[in-house]
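Fold and contact review
Here are the chains, one letter per residue:
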Amino acid sequence: ELYVSGGFDGGMRTDVLRACPKAVGMNMALRSLSPQVIATDEIGGSGELCAICDAANAGVKVIDTAHGGSIDELLKRPFFKELMYTGTVERYVLLSESLGRGTVERIFDDKLEPVCNMPFLPKEVSEIEVLSDRIDSPDERTFGKHVHSA
């Protein structure tokens, strides 16, 4: 379920699917909405791995979240071991509250090598775009089609 409310405006081109399992909703979106991006929260359930792979194979960018104390903790779960094995994940973003809610602690590539080790608290979307530009340097790779937040 993706829920958009309050101070965040998803915009006219945002479709919100509610009251259906994520895997079913992702597949419905792929077949009928022609999405550029699918965002979900709390992945890890049965069937979601296939839906994530289907979306990535269709060229759709996927942004998922999962709660865990660390990347290592997540990788102890069979779902995330399998997800990493698929090769669909290009970035892992570790969030915390060290500088305030939503602090980006670290960003890792698909091999879990850090590409950004400097904690920061984005105040606006433009700050995330600046980070993306900084990561686009020859030394580091850009954000990809699939990002997981831990």
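The coordinates are above.
First things first, this report covers the structure right here in the doc. Computed from a prediction, not measured in an experiment: that's the story for all the values here. (Residues numbered from 1 in each chain as written. Predicted model: local features only at pLDDT ≥ 70, side-chain atom pairs only at ≥ 80, totals over all residues. Heavy atoms only, no water.)

**Some remarks on the pairing of strand β4 (residues 103-109)**
Among the seven residues that make up β4, six are buried, leaving the element largely enclosed by the rest of the structure. Here strand β3 (residues 91-96) folds back onto β4 in antiparallel fashion, the turn holding six residues, of which Gly-100 has a positive phi close to 125 degrees. Here β4 hands over to strand β5 (residues 114-116) after four residues, with Leu-112 in that stretch at a positive phi of 65 degrees. (Buried < 20%, exposed > 50% of the residue type's maximum accessible area, 1.4 Å probe, protein only. Helix = DSSP H or I, 4+ residues; strand = E, 2+ residues; numbered from the N terminus. Pairing = 2+ DSSP bridges.)

**Points about the nonpolar core**
Membership of the largest hydrophobic core comes to 23 residues, with the highest contact counts inside it found for Met-26, Ile-38, Ile-43, Ile-52, Phe-79, Phe-80 and Leu-83. Every element with two or more residues in this core is listed here: α1 (22-32), α2 (48-57), α3 (71-75), α4 (78-86) and β3. Counting residues per element, this core draws most heavily on α2, which supplies five residues. Within the second largest apolar cluster, six residues are counted, among which are Val-93, Val-104, Ile-107 and Val-115. (Core = buried A, V, L, I, M, F, W, Y, C linked by side-chain atoms within 4.5 Å.)

**Brief notes about the packing of aromatic side chains**
In the structure shown here, the tally under the stated rule is one aromatic pair. Judged by centre distance (5.0 Å) and plane angle (80 degrees), the ring pair of Phe-79 and Phe-80 falls under edge-to-face. Residue Phe-79 shares its accessibility class with Phe-80, and that shared class is buried. (Phe/Tyr/Trp six-rings, centres within 6.5 Å; stacked < 30°, edge-to-face > 60°.)

**Digging into α2**
Within an α-helix, residues lying three or four positions from one another point in the same direction, as the helix has 3.6 residues per turn. For α2, the buried fraction is high: seven of the ten residues fall into the buried class. Of all the positions in α2, only Glu-48, Leu-49, Ala-51, Ile-52, Cys-53, Ala-55 and Ala-56 are classed as buried. Gly-59 lies just past α2 and shows a positive phi near 85 degrees.

**Some thoughts on the environment of Ile-71**
Considering the arrangement of structural elements, one finds Ile-71 in helix α3. Owing to a relative accessible area of 8%, Ile-71 belongs among the buried residues under this scheme. It is 8.2 Å that separates the C-alpha atoms of Ile-71 and Tyr-92, two residues lying 21 residues apart in sequence.

**Section: unusual backbone geometry**
Phi at Ala-19 takes a positive value of approximately 65 degrees, unusual for a residue other than glycine. In this structure, Ala-19 sits in the segment before α1. Unusually for a residue other than glycine, Ser-34 sits at a positive phi of about 50 degrees. Tracing the backbone through its elements, the reader meets Ser-34 in the loop between α1 and β1 (37-39).

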